[in-house]
Amino acid sequence: MIIEHVKTVILWTLILTSILLTWLIWNYEPAYTDLGESEYIETEEIGEERSFSDIILPDQIIIHEEEDRYWIHPFNENYENIMEILGDVEVNTLIKAGNSARPQQENIYEGLELTFPGRLQADWLLEMMEFKDPAIPLSTVDRVLFFVNPSSADSDVSVRLYSFEEEEVYQAGAGLSLNEMNQLFSSFNNERTAVEPLLLDTSSEDFPEIHYVPSETINMTGYVYQTKRISPDSMIQLLFSDPRNVKMYFPGNGEQQYTDGNRMINILQSESERNRIQILDYYHHTGAQNEQSDRSAVQTSLEFVNGHSGWTDKYVLEDWRENGNDRVFYRMHVNGLPVIRSGANREEYHTIQMSRTGNQITEYVRPLFELQEELSQSEISLPSFEEVLEYIEEDDTLVFELIEDIRIGHYMIQRQSYFSFEPSWFVKQRGTWQQINIRDGGNGELIDREAEPSGLE
């Protein structure tokens, strides 16, 4: 009997509890907070979007006229215009070329040779040129040669793709006539300098990497530009998903640090450079990522910059690597010439460097300035390579056998709110670029600036 009473009490308790909960649900009013109108955070457009053809350009375009060779000056967007013309030339199916097609210093032909500062992934060419067959049988390409081919039955001009990594050459007919090639040559008669072939690396006798250096004195132009600072606040708006959650710190040494716990921005500058340009060092912690991206690191970096303020000034791809610690390196160009060194001895002032893990950009380093109005120009006469070689041989710090590259580029100097860019000779030894500055008066003195790391070395 007692058990029956207990069951009855429990049953009525459950019934009354159910009725109470039902009533509470029917009469529940959510305690929403009125947020008012949504707050719109305006994002400043700092730069512009770029395509593959904008960031990938030759560092030299060489005209071959039998035994004579000429360097087409890269000024006034000459290289951009040439690449636009060649981009419309259809390339037929590529076939493997014989040993006679391998690079040689004494090669004699008529053609247009395109050399690049670093290797290209072969499929990038599909966005730069018209290929009849998109299956390019090479992984990487270092040089492209358009040349008059008298033995070709289907076209006046053929094209060759060189891969130094694979030591292979592939060749195809090209939809470019002999007359069109000659017109292209003649359009640069007043914008070219005689050059001679130079072999620096002798490790591969069967596939030498030939450089070209001016064989005569050359007059070039120096520039002075007004500059505009890029505000760190603008980059915070662009690089953080919710800028309202960002906290600022001052770790010392003139640095500023911003973080939301996942992303971090360091604004770098030394105490002596408070009135000078700043460097942005952005880091995004993503944790361990073991998956491999189906896109190249260069493609990922291009899309990242396009999606975060865009590009300022002219930056050209110089080097990249994909080995689990993917890196991409872009160098500033001023009127066609690369900016190789700076008076501040900070390569970050004239380069953009990016790291990738998996599919994610994890580091982004760039200068926070852009060039504005051109203030002045000056004419600078550079010596021939023969004179430069004499000074290299007299300098104890330079060993010709260790030199990896020799080129003409800009030396950048900051003076308050404007920058000057002075053409000069540079040599690359053990991964480091050094400026060669031959003083007036012919006293043979060689001035080497302090070493500065280059690229991904």
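The structure displayed is predicted, hence computed values, not measured ones. (Residues numbered from 1 in each chain as written. Predicted model: local features only at pLDDT ≥ 70, side-chain atom pairs only at ≥ 80, totals over all residues. Heavy atoms only, no water.)

## A few points about the packing of aromatic side chains
- Scanning the model with the defined rule gives twelve aromatic pairs in all.
- Note on Phe385 and Trp425: the rings are 6.2 Å apart at their centroids and 45° apart in plane angle, and the pair reads as tilted. In this pair, Phe385 sits in helix α7 (residues 385-394) while Trp425 sits in strand β24 (residues 418-429), placing the two residues 40 residues apart along the sequence.
- Residue Trp425 is classed as buried on the basis of its relative accessible area, which comes to 2%.
- Here the aromatic cluster, defined as three or more aromatic residues joined through ring pairs, consists of Tyr223, Tyr225, Phe369, Phe419 and Phe421. (Phe/Tyr/Trp six-rings, centres within 6.5 Å; stacked < 30°, edge-to-face > 60°. Helix = DSSP H or I, 4+ residues; strand = E, 2+ residues; numbered from the N terminus. Buried < 20%, exposed > 50% of the residue type's maximum accessible area, 1.4 Å probe, protein only.)

## Quick look at a negative patch on the surface
- On the surface, a cluster of negative charge is made up of Glu196, Glu386, Glu387, Glu390, Glu393 and Glu394.
- The element best represented in the negative patch is α7, accounting for five residues.
- Here Glu387 lies in helix α7.
- Residue classification places Glu387 among the partly exposed positions, given a relative accessible area of 31%. (Patch = residues over 30% accessible without salt bridge, like charges linked within 9 Å, V, L, I, M, F, W, Y side chains within 5 Å. Areas by Shrake-Rupley, 256 points an atom, 1.4 Å probe, with all protein chains shown as cover. Salt bridge = Lys/Arg side-chain N within 4 Å of Asp/Glu carboxyl O. Lys, Arg positive; Asp, Glu negative; His and termini not counted. Charge placed at Lys NZ, Arg CZ, Asp CG, Glu CD.)

## Focus: the confidence of the model for the protein
- Here the protein averages 85 in pLDDT, and 85% of its residues register 70 or above.
- Scored below 50 in pLDDT, residues 28-41 makes four contacts in the model with residues more than four places away or belonging to other chains.
- Within the model, the stretch residues 440-454 combines pLDDT values under 50 with 47 contacts to residues more than four positions away or in other chains. (pLDDT = per-residue confidence, 0-100. Contact = heavy atoms within 4.5 Å.)

## Examining the side chain of Glu370
- For Glu370, the position within the fold is in strand β22 (residues 369-382).
- There is no salt bridge for the buried Glu370, and the closest opposite charge comes from Lys228, which lies 4.2 Å off by N-O distance.

## A word on the pairing of strand β16 (residues 279-284)
- With five of its six residues buried, β16 lies for the most part within the structure.
- As defined by bridge partners, strand β15 (residues 263-268) adjoins β16 across six bridges and the pair is classed as antiparallel. If you follow Leu268 over to β16, its bridge partner there is Ile279. (Pairing = 2+ DSSP bridges.)

## Some details on the environment of Arg407
- Locating Arg407 in the fold gives a position in strand β23 (residues 403-415).
- Measuring from C-alpha to C-alpha, the distance between Arg407 and Phe385 comes to 9.7 Å, with 22 residues separating the pair along the chain.
- Setting aside anything within four residues of it in sequence, one finds Arg407 in contact with Asp59, Pro117, Glu318, Pro338, Ile340, Ser424, Trp425, Phe426 and Trp433.
- A polar side-chain atom of Arg407 sits 3.5 Å from a polar atom in the side chain of Asp405. (Polar contact = N/O pair within 3.5 Å; in protein donor to acceptor, adjacent residues only side chain to side chain.)

## Concerning the nonpolar core
- Core analysis: the largest hydrophobic core is formed by 113 residues, its most contacted members being Leu112, Phe146, Leu161, Tyr330 and Tyr364.
- Among the elements that take part in this core, helix α6 (residues 297-307) stands out by supplying five residues, more than any other.
- Those residues in contact with Phe146 that sit more than four places away from it in its chain are Leu86, Val89, Glu110, Gly111, Leu112, Met129, Val157, Ser158, Val159, Ala174 and Met181.
- Core analysis: the next-biggest nonpolar cluster, separate from the first, contains nine residues, Ala97, Leu145, Phe164 and Phe207 among them. (Core = buried A, V, L, I, M, F, W, Y, C linked by side-chain atoms within 4.5 Å.)

## Thoughts on unusual backbone geometry
- A positive phi angle is found at Ser309, which is not glycine, with a value near 90°.
- Turning to its location among the elements, Ser309 is positioned in the loop between α6 and β17 (314-321).
- The phi dihedral of Asn335 is positive, around 50°, even though this residue is not glycine.
- Mapped onto the elements of the fold, Asn335 is located in the loop between β18 (326-334) and β19 (337-342).
- A relative accessible area of 26% places Asn335 in the partly exposed class.

## Some points on the pairing of strand β11 (residues 210-214)
- Most of β11 sits out of view: five of its five residues are buried.
- Side chains Ile210, Tyr212 and Pro214 of β11 all project onto a buried face; the interleaved residues His211 and Val213 project onto the opposite face, where all are buried too.
- Taken together, the five bridges between strand β10 (residues 192-199) and β11 define a ladder with antiparallel strand orientation. By the bridge assignment for β11, Leu199 is matched with Ile210.

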